[in-house]
Amino acid sequence: ARPGGGSGAAAGARGVKKVSQPSERPVVREDDLRRLVKLAMQENDIDAARLYVVAYTFMARVKNEIVPLQTRGEHSSTSVERGRAVVYLASRKNAPHGAEIARQCTCRARPCRPCGVCALGAVVQEHRDAWRGAARPLFGGKSFSARTADLHRRAELLKLTAKGQPRVGWHAVRRGHAQDVLASGTTLSQILTAGGWKSMSFLAYLCRKDVDERASLEAAFAQSDSDVDD
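Residues numbered from 1 in each chain as written. Predicted model: local features only at pLDDT ≥ 70, side-chain atom pairs only at ≥ 80, totals over all residues. Heavy atoms only, no water.

Visitor: How would you explain unusual backbone geometry if you had to name every residue and give the values?
Guide: For R82, which is not glycine, the phi torsion reads 50° and is therefore positive. Among the secondary structure elements, R82 is positioned in the loop between β1 (76-81) and β2 (84-89). Phi at W131 takes a positive value of approximately 55°, unusual for a residue other than glycine. Tracing the backbone through its elements, the reader meets W131 in the loop between α5 (116-129) and α6 (144-157). (Helix = DSSP H or I, 4+ residues; strand = E, 2+ residues; numbered from the N terminus.)

Here it is, written out as structure tokens:
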């Protein structure tokens, strides 16, 4: 059977009906991410530029999962080798006993795309070169509130949201990547796994029209598989 078929597709179709789509939720998609990174680098805030790319690539919760990352400690362990990054979190919201997130470098396949693996690798290497200690957070140079204020300011400068809409926060980055991978053809069940979501409540992150179309398509594929198997 195809990935995301069967019960996963059916759950996706049910999720579309159950989850109401909030209006005008801010989203940072790949093009927006590039602009944020460029502005941060122009301001000589390389650490923030890397954080934006890592947060987008790993589709993780920034405050509790990305910012506290360690090379080896009670919160997490991080390794980047041969174009592959592996982050092990001792606990996640929907995985209290731990979870592993792995990503491959995208530089060769898509050289113009911001690569979270290379960005994380640079942070890890800089951390080790400075002898900061394995348990010290990789993104510990600035408070989370200060990082959030910087994100708000840069998003406003870049006009990533229209006047009167909510400010761009960290969830907008997570939401934007989910939307981008949906548009690329990834199944709903694969997106759920990639983002560490446990239920179809994650559909609220996505454009309702795209979700409706994808869920209908996956349900059709699942029915087709069922017909063949029978």
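Visitor: Lay out helix α7 (residues 170-183) in plain terms, naming residues and giving numbers.
Guide: The end-to-end C-alpha distance of α7 is 20 Å, a good match for the 20 Å that 14 residues give at a rise of 1.5 Å each. Every buried residue belonging to α7 is among W170, A172, V173, R174, R175, G176, H177, A178, Q179, D180, V181 and L182, and all of these are buried. (Expected span 1.5 Å × (residues − 1). Buried < 20%, exposed > 50% of the residue type's maximum accessible area, 1.4 Å probe, protein only.)

Visitor: Could you give an account of the pattern of salt bridges, with specific residues and numbers?
Guide: Counted by the stated rule, this structure contains 16 salt bridges. Across the salt bridge formed by R29 and D180, the nearest N and O atoms sit 2.7 Å from each other. In this pair, R29 sits in the loop between α1 (7-18) and α2 (30-42) while D180 sits in helix α7, placing the two residues 151 residues apart along the sequence. By relative accessible area, which is 30% here, R29 ends up partly exposed. In this structure, D45 engages R154 in a salt bridge whose closest nitrogen and oxygen atoms are separated by 3.0 Å. A residue pair is termed long-range when its members are at least 10 positions apart, and D45 in the loop between α2 and α3 (46-58) and R154 in helix α6 qualify at 109 residues. Both residues of the pair, D45 and R154, count as buried. In this structure, a network of salt bridges that share partners links the residues E43, D45, K142, D150, R153 and R154. (Salt bridge = Lys/Arg side-chain N within 4 Å of Asp/Glu carboxyl O.)

Remember that the coordinates give geometry; whether it matters functionally is a separate question.
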